[in-house]
Amino acid sequence: MSTISLQAFQPESEAKQLKGTMSTTEIVCSVLAFNGPFSVVTGYAPVIIGVGHTLGVPLIFLLCGVLFMLFAVGFTTMGQHLENPGAFYSYITAGLGKPAGLGGAFLALLAYLCIAIGVYAFAGYTIDLFLQQTLGMPAVSSWLFALALIGLVGVLGYFKIDLSAKVLTMVLAVEMVMIFAFNISTLVTGGAEGNTLAPLSFGSLEGANIGLAVLFCIVCFGGFEAAAIFHEEAANPSKTIPRATYLSIIVMCLLYAVCSWVIVTAVGSSTVIEASLNDPAGTTLAAVGVALGKTVQGMCNALLITSLFACALSTHNVATRYVYSLSVDGVLSKTFAKVHAKQGSPYKASAIVTGISLVFTLCSFIGDVSVSKVYIAFAGIGAYALIFLMLLTGLAVIAYLHRRHDLNIGVFKCKIAPALAALGMLIALVLGSMNFAMLIDGSEGVALIVMGLLYGLFLLGVGLGMHYRKHKPSIYSCIGRQLG
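Residues numbered from 1 in each chain as written. Predicted model: local features only at pLDDT ≥ 70, side-chain atom pairs only at ≥ 80, totals over all residues. Heavy atoms only, no water.

- In the annotation of an unreviewed UniProt entry, the entry for the chain reads APC family permease, and the organism field reads Pseudomonas putida.
- Word for word, the UniProt comment on the chain under Subcellular location (unreviewed entry) is "Cell membrane". (UniProt positions renumbered as here; feature names shortened; annotations may be inferred.)

Listed below in structure tokens is the structure:
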């Protein structure tokens, strides 16, 4: 299966091609914004400590970082020889075939839409709580704030990607300053019980729920593939994308490992597990108040909102690019493949992503659905889908590089690293399947139904791809922007 020039799939007018000049730094910031570092530090890290019942979360983050670095070896190597945008979509297509690639694209689009809707729900709740506690305003429906945030993200999605990248960079810079201030202050003062290296010891993992801890840690790395999704809008993508991918993984690994260690130090190793289990977000914010003062703690409540906004914007941009890629390939309506003549943005694809988010959020508002239930369930569904996609991508990398004897790639890059990464993702998927009910905060029956729908969507894409091969070869030939 050989690649063909992207020009064959571009919109008719040269002025209407998707384009941009995103630098390595801007792409890294977009990836980190997708994760929302401050929301991970205040929300996910203490959840992992509590649910995983372990102080060894920094060690687990480091081990997961190694797994993702192994994954990135094959991922970036394949990407340097696969000039097609679309990330999971293109990679799975090139490695496992067009039907599997289309199934992966459907699942990826669903994953990012679910994550976006979940983030909007959580952000709406956070804004409402902040206005009540800080400004003394009366309580209103959190869904109203979620709808307002969707509108703001939709406006930014209309403009050139460089604008979103600059907004994400500014928000991320503020987050990082606050995180570093908390880390340094805690380590200088020694926290509640003094500095300790216990979280970095393998002994700290004894009696832990390793399965859930690993699963949640992997979720915190989600979105690193967003670097590849901006292939058409990056400056010098053959160098920019690999650099951004590796740098994103390294920054996330070290940042989350250090921050989770600092949380243990700040709260105290004897009480942090119980405190994190009872009040995850409150535990970290209270520790920030002790380390930096109540005023800064109030600022952190506002910073959590901006972190979630950045996460929502970044997720929206990734989902938009999936709609755009599927539309350019003819799977979805060509209407969504249109690029703004002045902004150079996929504004039609962005509009449909905004519309889907608005419809679902509005229905939740009218139906008075619990914000917390939506956030937990949709974040869990999106995370599980991404783990499955990373497994498929890992297998695709192995298959693709094995066939490309002409590339003369070393055995570590084309076999050992991708195989180890695929094995790690398979273990993570098994752990996710075993703990899926807890991941989405639902019953075992609901968990089985949702998992069935996820795998059913993937199989639907596979079946549709096979249908195109037989009945619509013109569309089939364009799937994943591959020839054949």
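Text resumes after the structure shown.
A closer look at the overall build of the chain
Link 1 in the chain: Helix and strand content of the chain: 19 helices and two strands.
Link 2 in the chain: Relative to the globule expectation of 23 Å for 484 residues, the C-alpha radius of gyration of the chain, 22 Å, shows essentially globular dimensions.
Link 3 in the chain: Once the C-alpha set of the chain is aligned to its principal axes, its extents read approximately 65 × 50 × 45 Å.
Link 4 in the chain: Scored against the burial criterion, the 484 residues of the chain give a buried share of 59%.
Link 5 in the chain: For the chain, restricting intrachain contacts to residue pairs at least 6 apart in sequence, the fraction spanning at least 24 positions comes to 83%.
Link 6 in the chain: Carbon and sulfur atoms make up 69% of the accessible area of the chain, which amounts to about 18,200 Å² in all.
Link 7 in the chain: Distance between charge centroids for the chain: 15 Å, based on 22 positive and 19 negative side chains. (Helix = DSSP H or I, 4+ residues; strand = E, 2+ residues; numbered from the N terminus. Rg over C-alpha atoms; globule rule 2.2 N^0.38 Å. Buried < 20%, exposed > 50% of the residue type's maximum accessible area, 1.4 Å probe, protein only. Contact = heavy atoms within 4.5 Å. Areas by Shrake-Rupley, 256 points an atom, 1.4 Å probe, with all protein chains shown as cover. Lys, Arg positive; Asp, Glu negative; His and termini not counted. Charge placed at Lys NZ, Arg CZ, Asp CG, Glu CD.)

Observations concerning the packing of aromatic side chains
Link 1 in the chain: A complete count under the given rule lists 13 aromatic pairs for this structure.
Link 2 in the chain: Ring plane angle 55 degrees and centroid distance 6.3 Å describe the contact between Phe61 and Phe221, whose orientation is recorded as tilted. With Phe61 in helix H3 (residues 57-81) and Phe221 in the loop between helix H8 (210-220) and helix H9 (226-229), this pair connects stretches of sequence that are 160 residues apart.
Link 3 in the chain: The exposure class assigned to Phe61 is buried, which follows from its relative accessible area of 0%.
Link 4 in the chain: Owing to a relative accessible area of 0%, Phe221 belongs among the buried residues under this scheme.
Link 5 in the chain: Ring centres of Phe388 and Phe458 lie 5.4 Å apart, and the angle between their planes is 80 degrees; on these two criteria the pair is classed as edge-to-face. Within this pair, whereas Phe388 is found in helix H15 (residues 371-403), its partner Phe458 is found in helix H18 (residues 444-471), the two being separated by 70 residues in sequence.
Link 6 in the chain: An aromatic cluster of at least three residues, connected via ring pairs, comprises Tyr384, Phe388, Phe436, Tyr455 and Phe458. (Phe/Tyr/Trp six-rings, centres within 6.5 Å; stacked < 30°, edge-to-face > 60°.)

Topic: the packing of helix H2 (residues 37-51) against helix H13 (residues 294-328)
Link 1 in the chain: Two elements in contact, H2 and H13, have axes whose closest approach is 8 Å; the angle formed by their N-to-C orientations is 120 degrees. Taken together, the axis directions place H2 and H13 in an arrangement best described as oblique. Here H2 and H13 pass one another in a crossing that is left-handed. Where H2 approaches H13, its residues Pro37, Phe38, Ser39 and Thr42 are matched on the opposing element by Cys300, Leu303, Leu304, Ser307 and Leu308.
Link 2 in the chain: Residue composition of the contact of H2 with H13, by class: six nonpolar, three polar and no charged. (Axes fitted to C-alpha atoms, helices over the stretch in contact; angles between N-to-C directions. Parallel < 35°, antiparallel > 145°, perpendicular 65-115°, else oblique. Left-handed = near helix turned anticlockwise from the far one by under 90°. Nonpolar A, V, L, I, M, F, W, Y, C, P; charged D, E, K, R; others polar.)

Re the confidence of the model for the chain
Link 1 in the chain: The predicted model of the chain has a mean per-residue pLDDT of 84, with 90% of residues at 70 or higher.
Link 2 in the chain: The secondary-structure element of the chain with the lowest mean pLDDT is strand S1 (residues 2-3), recorded at 32, while H18 shows the highest, at 95.
Link 3 in the chain: The model gives residues 1-15 a pLDDT under 50, and that stretch makes 32 contacts with residues more than four places away or in other chains. (pLDDT = per-residue confidence, 0-100.)

Digging into the environment of Pro418
Link 1 in the chain: Checked against the element boundaries, Pro418 lands in helix H16 (residues 411-434).
Link 2 in the chain: On the basis of relative accessibility, which here comes to 4%, the residue Pro418 falls in the buried class.
Link 3 in the chain: Considered as a pair, Pro418 and Met69 are 349 residues apart in the sequence and their alpha carbons are 10.0 Å apart.
Link 4 in the chain: Not counting chain neighbours up to four residues away, the residues in contact with Pro418 comprise Leu70, Gly74, Val397, Ile398, Phe412 and Lys413.

Side note on the side chain of Thr24
Link 1 in the chain: Its location among the elements puts Thr24 in helix H1 (residues 24-35).
Link 2 in the chain: Looking at Thr24, the relative accessible area reads 19%, which means it is buried.
Link 3 in the chain: Non-local contacts of Thr24, meaning those with residues more than four positions away in its chain, are made with Thr240, Arg243 and Ala244.

Points about the nonpolar core
Link 1 in the chain: Within the largest apolar cluster, 158 residues are counted, with the highest numbers of intra-cluster contacts made by Phe61, Ile218, Phe224, Tyr322, Val331, Met390 and Phe436.
Link 2 in the chain: With 18 residues, helix H5 (residues 98-135) is the single largest residue contributor to this core. (Core = buried A, V, L, I, M, F, W, Y, C linked by side-chain atoms within 4.5 Å.)

Examining unusual backbone geometry
Link 1 in the chain: Of note, His53 is a non-glycine position whose phi angle comes to about 50 degrees, a positive value.
Link 2 in the chain: Looking at the element boundaries, His53 is found in the loop between H2 and H3.
Link 3 in the chain: Although it is not a glycine, Asp368 adopts a positive phi angle of roughly 55 degrees.
Link 4 in the chain: On the secondary structure map, Asp368 appears in the loop between helix H14 (347-366) and H15.

Structural notes on H13
Since the α-helix packs 3.6 residues into each turn, any two residues three or four apart lie on the same face.
Link 1 in the chain: Compared with the 51 Å implied by 1.5 Å per residue over 35 residues, the 51 Å span of H13 between its first and last C-alpha is a close match.
Link 2 in the chain: With respect to burial, H13 is a largely interior element, 28 of its 35 residues being buried.
Link 3 in the chain: Gly330 sits one or two residues past H13 and shows a positive phi near 90 degrees. (Expected span 1.5 Å × (residues − 1).)

With respect to the packing of H5 against helix H6 (residues 142-158)
Link 1 in the chain: Between H5 and H6, whose axes approach to 7 Å, the crossing angle comes to 120 degrees. Classed by the angle they form, the pair H5 and H6 counts as oblique. Every pair of crossing elements has a handedness; the one defined by H5 and H6 is right-handed. Between H5 and H6, the contacting residues are Tyr120, Ala121, Ala123, Gly124, Tyr125, Ile127, Asp128 and Leu131 on the first element and Ser142, Trp143, Phe145, Ala146, Leu149, Ile150 and Val153 on the second.
Link 2 in the chain: Grouping the amino acids of the contact of H5 with H6 by side-chain chemistry returns 12 nonpolar, two polar and one charged.

What about the side chain of Thr186?
Link 1 in the chain: Checked against the element boundaries, Thr186 lands in helix H7 (residues 161-189).
Link 2 in the chain: Assessed through its relative accessible area of 2%, Thr186 is described here as buried.
Link 3 in the chain: At 2.9 Å, the side chain of Thr186 and the backbone oxygen of Phe182 are in polar contact.
Link 4 in the chain: Apart from residues lying up to four places away in sequence, Thr186 is in contact with Gly191, Asn195, Val262, Thr265, Ala266 and Ala291. (Polar contact = N/O pair within 3.5 Å; in protein donor to acceptor, adjacent residues only side chain to side chain.)

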